[in-house]
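An overview of the molecular structure
If you want the building blocks of each chain, they are given just below.
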Amino acid sequence: MIATDTATEAEAERLLRALLHVDCEPGGRTWNYETCRAIAPLTFEINRIKKEKDAIILAHSYVEPEIIYGVADFRGDSYYLSLKAREARAKVIVFAGVVFMAETAKILSPEATVVVPDRNSGCSLADSLNGDGLRQLKALYPDATVVCYINSTADVKAESDVCVTSGNVYHIVANLPAKRILFVPDRLMGQNLRDELKRRGVQKEIITSDGTCIVHDEFGPADIAEARGRYPGLKVVAHPECTPEVAAAADFVGSTGSMMKFVKTSAAPYYLMLTECGLVGRLQVEAPEKVFIAGCRLCPYMKLNSLEKVRDALIAPRPDQIITLDEGLRLRAARCIDRMFELSPTI
Ligand code: 13P
Ligand code: SF4
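Notes on the structure in this doc start here. All values derive from a computational prediction rather than experimental measurement.

By volume, the largest pocket amounts to about 360 Å³. When residues of the lining of the largest pocket are traced back to their parent elements, those giving at least two are α8 (169-175), α9 (187-199), α11 (244-249) and β10 (252-253). Of all the elements, α9 adds the most residues to the lining of the largest pocket, at 4 residues. The residue makeup of the lining of the largest pocket, split by class, is 8 nonpolar, 8 polar and 4 charged.

Rendered as structure tokens:
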């Protein structure tokens, strides 16, 4: 069924109501009635096919706003989207995010066909360590409890004792009985974890591998000092994948979900968001009264998602768009994620 002119116009108006305030777009794209009208037939078609195929779309907050507000059923951070994948009863899950997130959805919802719009949507953290690399590290520290950040491949999860996200890492590690923790694959989050445990008076040895996020490791304390000079009363909001120097100089450090909550409940007029620009787009939609000063960065992997690729993956996924996992490996990876759900605070 092709959308009628009236249906397309209604769809364009729906999109415009959501996207009107977004202005942190790659290439300086602006949202007005014409740009919304141009994509309306596509979002209309995707939403129709979704129902026909018994599919849902999960979107991480870093992907393009037309995916988040045009076609996604659930939008949020890694923890929230994992919960939604675990609860899902749909036949098909389209994961607009990066491959490790779609793998996590497949681990938690094995009956569903899980597809990714673009197979090249990797992640510098997940790609920094594989199962063999982790087995070698484990041989060096056989007494350590192995904690993997969710930004890791399924084979790394299968080799780990417990998985964590940016929202529950401090709580879970602080409460583990082991004194020695092998934390992979984010070296900077590992350093932030060491600092936070020290602040809480928790004694643990944290050993890390050497991955970093190519988006968050680029921010420096000089960016913060310069922005504070220009905007008195500015709040600096950072992700725990940033360097410890940035984390120490920020007003708030947390998952993308908790960063959003912080901004929405704070009275300050100006914000510097030390994270991916997609999150600023979400806040421009959901907290339009706040001012976000320039400073966010783009994740090239997240930006591989597009409405066209979402549609194609939904209609007839190519083999490279379908997530498949060996069942033994999936079960072992599921154990470490289930452990996270058991140990996680409500966030
Ligand atoms: P969140 O789970 O906080 O959204 O982080 C995911 C991520 O990839 C950050 O770079
Ligand atoms: Fe990976 Fe960094 Fe992109 Fe997040 S922002 S998906 S950690 S490369």
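A word on the packing of aromatic side chains. Following the criterion strictly, the structure yields 4 aromatic pairs and no others. Aromatic side chains Y231 and Y270 sit 5.1 Å apart centroid to centroid with 55° between the ring planes, which places their arrangement in the tilted category. Remark: Y270 occurs in strand β11 (residues 270-274) and Y231 occurs in the loop between α10 (221-230) and β9 (235-238); sequence separation between them is 39 residues. Residue Y231 is classed as partly exposed on the basis of its relative accessible area of 24%. When the centroid spacing of 5.8 Å and the interplanar angle of 35° are considered together, the rings of Y271 and F292 count as tilted. With Y271 in strand β11 and F292 in strand β12 (residues 291-292), this residue pair connects regions lying 21 residues apart in the sequence. Its relative accessible area of 0% is what places Y271 among the buried residues. The positively charged end of R86 is found above the aromatic ring belonging to F341, 4.0 Å away from the centroid.

Counted by the stated rule, this structure contains 24 salt bridges. The salt bridge involving K138 is made with E159; its shortest N-O contact spans 2.9 Å. Highlighted residues: K138 in helix α6 (residues 131-140) and E159 in the loop between α7 (154-158) and β6 (162-164), separated in sequence by 21 residues. Given the relative accessible area of 26%, K138 is considered partly exposed.

Okay, the site of ligand 1 next. Around ligand 1, the surrounding shell consists of H60, Y62, D77, S78, Y149, N151, S166, H216, H239, E241, S255 and T256. Measuring from an oxygen atom of ligand 1, one finds a side-chain N or O atom of H239 at 2.8 Å. The contact in question runs from an oxygen atom of ligand 1 to an N or O atom on the side chain of T256, over 2.5 Å. With the chains in place, 95% of the 310 Å² that ligand 1 exposes on its own is no longer accessible. When each cavity is represented as a set of grid points, ligand 1 is found to reside in the largest cavity.

On to the sheet that holds strand β7 (residues 180-184), then. In spatial order, the strands read β6-β5-β7-β8; together these 4 strands make up an open sheet with parallel pairing. Every interior strand has two partners, whereas the edge strands, β6 and β8 (205-208), have only one. Strand-to-strand twist of the sheet, defined as the mean angle between neighbouring strand axes without regard to direction, takes the value 30°. Across the sheet, α6 is in contact with β5 (145-149) and β7; its angle to β7 comes to roughly 165°. Of the strands in this sheet, β5 and β6 touch helix α15 (residues 327-343), which is tilted by about 65° from β6.

The rules behind these values
- Residues numbered from 1 in each chain as written.
- Chains lettered and ligands numbered in written order.
- Predicted model: local features only at pLDDT ≥ 70, side-chain atom pairs only at ≥ 80, totals over all residues.
- Heavy atoms only, no water.
- 1 Å grid on protein atoms, 1.4 Å probe; cavity = no way out; pocket = protein on both sides within 12 Å on 5 of 7 lines; lining within 4 Å.
- Points joined across faces, edges and corners; volume = space filled by probe spheres on them.
- Helix = DSSP H or I, 4+ residues; strand = E, 2+ residues; numbered from the N terminus.
- Nonpolar A, V, L, I, M, F, W, Y, C, P; charged D, E, K, R; others polar.
- Phe/Tyr/Trp six-rings, centres within 6.5 Å; stacked < 30°, edge-to-face > 60°.
- Buried < 20%, exposed > 50% of the residue type's maximum accessible area, 1.4 Å probe, protein only.
- Lys NZ or Arg CZ within 6 Å of the ring centre and 35° of its normal.
- Salt bridge = Lys/Arg side-chain N within 4 Å of Asp/Glu carboxyl O.
- Near = heavy atom within 4 Å.
- Polar contact = N/O pair within 3.5 Å; in protein donor to acceptor, adjacent residues only side chain to side chain.
- Areas by Shrake-Rupley, 256 points an atom, 1.4 Å probe, with all protein chains shown as cover.
- Sits in = over half its atoms within 2 Å of the grid points.
- Pairing = 2+ DSSP bridges.
- Axes fitted to C-alpha atoms, helices over the stretch in contact; angles between N-to-C directions.
- Contact = heavy atoms within 4.5 Å.

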